[in-house]
Protein chains: 2
Amino acid sequence: MSHRNLQQEIGKKQPFDSLEQAAILNILRTSDIFHNQFGRLFRPYGLTPSQYNVLRILRGEGKPMPSLEIADRMVQVVPAITGLIDRLQAQNLVKRKRCTEDRRVVYIEITPKALSLLKEIDEPDLNLHRKLIGHLSSDELSELSRLLEKARASLVCTK
Amino acid sequence: MSHRNLQQEIGKKQPFDSLEQAAILNILRTSDIFHNQFGRLFRPYGLTPSQYNVLRILRGEGKPMPSLEIADRMVQVVPAITGLIDRLQAQNLVKRKRCTEDRRVVYIEITPKALSLLKEIDEPDLNLHRKLIGHLSSDELSELSRLLEKARASLVCTK
DNA sequence: GCCGATTAGTTTACACGTAAGATTGTCGCA
DNA sequence: TGCGACAATCTTACGTGTAAACTAATCGGC
């Protein structure tokens, strides 16, 4: 377990121009690597990270949700949701239900098949979380979350 | 500037299962938002974040590089590089040069046009960095980088 | 010198993410 | 009632990320 820092890791010969640049690159790089790890975890179950994310949101909500509300909770811009739901529906993991009062909105409902699939993934998912950052102390994890939340504070509202 | 934390931000009603989960979600979410911001910055110049990344690597190196070496410095897996280089080449921002000694390797060279484009972007790029996390103190930035590097330490070698 | 293993790079197929624009349905107001 | 603004969703086009399979060139032994 080598403890190379980011500069060595990406083979850069000059030091970073600024602490800001180093921090942002660290955020982007760590995220990419973690995203990749989760992608590999979900793959055997036929899910992508985004698809898993949608299902987790639906399970957490406990009842059908309009698709735009799902999109709001993800970082993505709206149009991606359509295709995402299409693919989940093709796997019988969600159902679309047109709302009768406002016929513009489409409710998305999670299926029992999806719930049992999620249940299967729960433990490996938890294990991966621990594998990825279980070696940080509680204090470090709290501090990390605090700093990232503070980092986002400048534009939570601008999206 | 509301200081909602992640839990409120994504509308989750239950607290997180664990500090690990909260930290990882914070990393992924912050990264997505920042990535998005840089995407908007580069768009007017006809570049995507990945394309900009490739050009920055080439400028930093100061001389032509084999394409796989470029891929190594990015998070991406190899095959994506081909198309990336194709599009940069179509814009006359890089050139491909087959190596004469080892005819398997293709050297990628940055063009003067790309260098002057980068120069144009340097200042807005620096400004965005400051806008995104300039409100964190030097100590906080250092601590953030340290924690993220520590987070990655468990798998720097496994990629 | 020849054959298998390795390495650099490409191709293909598929799932996203983004922006821009089109569709369809609802609402406010004259 | 009719009409324009708005809202929810979908469509399209393009760039990117992933895995798997393929090509071409080099290397290592014998």
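Residues numbered from 1 in each chain as written. Chains lettered and ligands numbered in written order. Predicted model: local features only at pLDDT ≥ 70, side-chain atom pairs only at ≥ 80, totals over all residues. Heavy atoms only, no water.

### Remarks on the sheet that holds strand S2 (residues 94–98) of chain A
All names here are of chain A. Read across the open sheet, the three strands follow the order S1-S3-S2; overall the sheet is antiparallel. Strands at the two margins of the open sheet, each flanked by one partner only, are strand S1 (65–66) and S2. Bridge analysis of S1 against strand S3 (residues 106–110) gives two bridges, and the strand direction is antiparallel. Considered in S3, the bridge of Met 65 is made with Ile 108. Its contacts with the sheet place helix H5 (residues 80–90) against S2 and S3, and it is angled at close to 120° to S2. (Pairing = 2+ DSSP bridges. Helix = DSSP H or I, 4+ residues; strand = E, 2+ residues; numbered from the N terminus. Contact = heavy atoms within 4.5 Å. Axes fitted to C-alpha atoms, helices over the stretch in contact; angles between N-to-C directions.)

### A closer look at the pattern of salt bridges
A complete count under the given rule lists 20 salt bridges over all chains for this structure. Its salt-bridge partner being B:Arg146, residue A:Glu140 comes within 3.2 Å of it at the nearest N-O pair. Highlighted residues: A:Glu140 in helix H7 (residues 138–152) and B:Arg146 in helix H7 (residues 138–152), drawn from two different chains. Note that A:Glu143 is salt-bridged to A:Arg146, the shortest N-O span being 3.1 Å. Pair noted here: A:Glu143 and A:Arg146 are both in helix H7, with a separation of three residues, about one helical turn. Judged by relative accessible area, A:Glu143 falls into the partly exposed class, the value being 24%. The exposure class assigned to A:Arg146 is partly exposed, which follows from its relative accessible area of 38%. Residues participating in the shared-partner salt-bridge network are A:Glu140, B:Glu143, B:Arg146 and B:Lys150. (Salt bridge = Lys/Arg side-chain N within 4 Å of Asp/Glu carboxyl O. Buried < 20%, exposed > 50% of the residue type's maximum accessible area, 1.4 Å probe, protein only.)

### Description of unusual backbone geometry
A positive phi angle, near 60°, is found at A:Asn92, a position not held by glycine. A:Asn92 gets classed as exposed once you look at its relative accessible area, which sits at 52%.

### Remarks on a nonpolar patch on the surface
Residues A:Leu68, A:Val77 and A:Val78 make up a contiguous nonpolar surface patch of roughly 260 Å² in combined accessible area. Looking at the element boundaries, A:Leu68 is found in helix H4 (residues 67–73). (Patch = residues over 30% accessible without salt bridge, like charges linked within 9 Å, V, L, I, M, F, W, Y side chains within 5 Å. Areas by Shrake-Rupley, 256 points an atom, 1.4 Å probe, with all protein chains shown as cover.)

### Observations concerning the protein's contact with DNA strand D
Lining the immediate environment of DNA strand D, one finds 25 residues, of which A:Asn36, A:Leu68, B:Thr48, B:Gln76 and B:Arg87 sit closest. Backbone atoms, meaning sugar plus phosphate, form 80% of the atoms of DNA strand D positioned within 4 Å of the protein. Interatomic distance of 3.1 Å between a side-chain N/O atom of A:Arg104 and a sugar or linking oxygen of DNA strand D. For DNA strand D, a phosphate oxygen lies 3.1 Å from a polar atom in the side chain of B:Gln51. Elements that contribute at least two residues to the surface near DNA strand D include exactly helix H2 (19–42) and H4 of chain A together with helix H3 (49–61) and helix H5 (79–90) of chain B. Ranked by the residues each element gives to the surface near DNA strand D, the list is headed by H5(B), at four residues. Partitioning the surface near DNA strand D into residue classes produces nine nonpolar, seven polar and nine charged. (Near = heavy atom within 4 Å. Polar contact = N/O pair within 3.5 Å; in protein donor to acceptor, adjacent residues only side chain to side chain. Nonpolar A, V, L, I, M, F, W, Y, C, P; charged D, E, K, R; others polar.)

### Overview of the protein's contact with DNA strand C
Taken together, 25 residues sit near DNA strand C, with A:Thr48, A:Gln51, A:Arg103, B:Leu68 and B:Val106 positioned nearest. Backbone atoms, meaning sugar plus phosphate, form 79% of the atoms of DNA strand C positioned within 4 Å of the protein. A:Gln51 is positioned such that a nitrogen or oxygen atom in its side chain is 2.5 Å from a phosphate oxygen of DNA strand C. The separation between a sugar or linking oxygen of DNA strand C and a polar side-chain atom of B:Ser67 is 3.3 Å. Taken together, the elements giving at least two residues each to the surface near DNA strand C come down to helix H3 (49–61) and H5 of chain A together with helix H2 (19–42), helix H4 (67–73) and H5 of chain B. With three residues, the top contributor of residues to the surface near DNA strand C is H5(A). Of the residues contributing to the surface near DNA strand C, the split by class is nine nonpolar, seven polar and nine charged.

### A word on the packing of H2(A) against helix H6 (residues 112–133) of chain A
All names here are of chain A. At their nearest, the axes of H2 and H6 sit 11 Å apart, and the two run at 155° to each other. What the angle tells us is that H2 and H6 run roughly antiparallel. Between H2 and H6 the crossing geometry is right-handed. Two secondary-structure elements touch here, H2 through Phe 34, Gln 37, Phe 38, Leu 41 and Phe 42 and H6 through Ile 121, Pro 124, Asp 125, Leu 128, His 129, Lys 131, Leu 132 and Ile 133. Tallied by class, the residues present in the contact of H2 with H6 amount to nine nonpolar, two polar and two charged. (Parallel < 35°, antiparallel > 145°, perpendicular 65-115°, else oblique. Left-handed = near helix turned anticlockwise from the far one by under 90°.)

### Considerations on the pairing of strand S3 (residues 106–110) of chain B
Residues and elements named next belong to chain B. Only one face of S3 is buried: it carries Val 106, Ile 108 and Ile 110, and the other face, with Tyr 107 and Glu 109, is open. As defined by bridge partners, strand S2 (residues 94–98) adjoins S3 across five bridges and the pair is classed as antiparallel. Following the sheet pairing, Lys 95 is matched in S3 by Glu 109.

In short, geometric facts, not functional conclusions.
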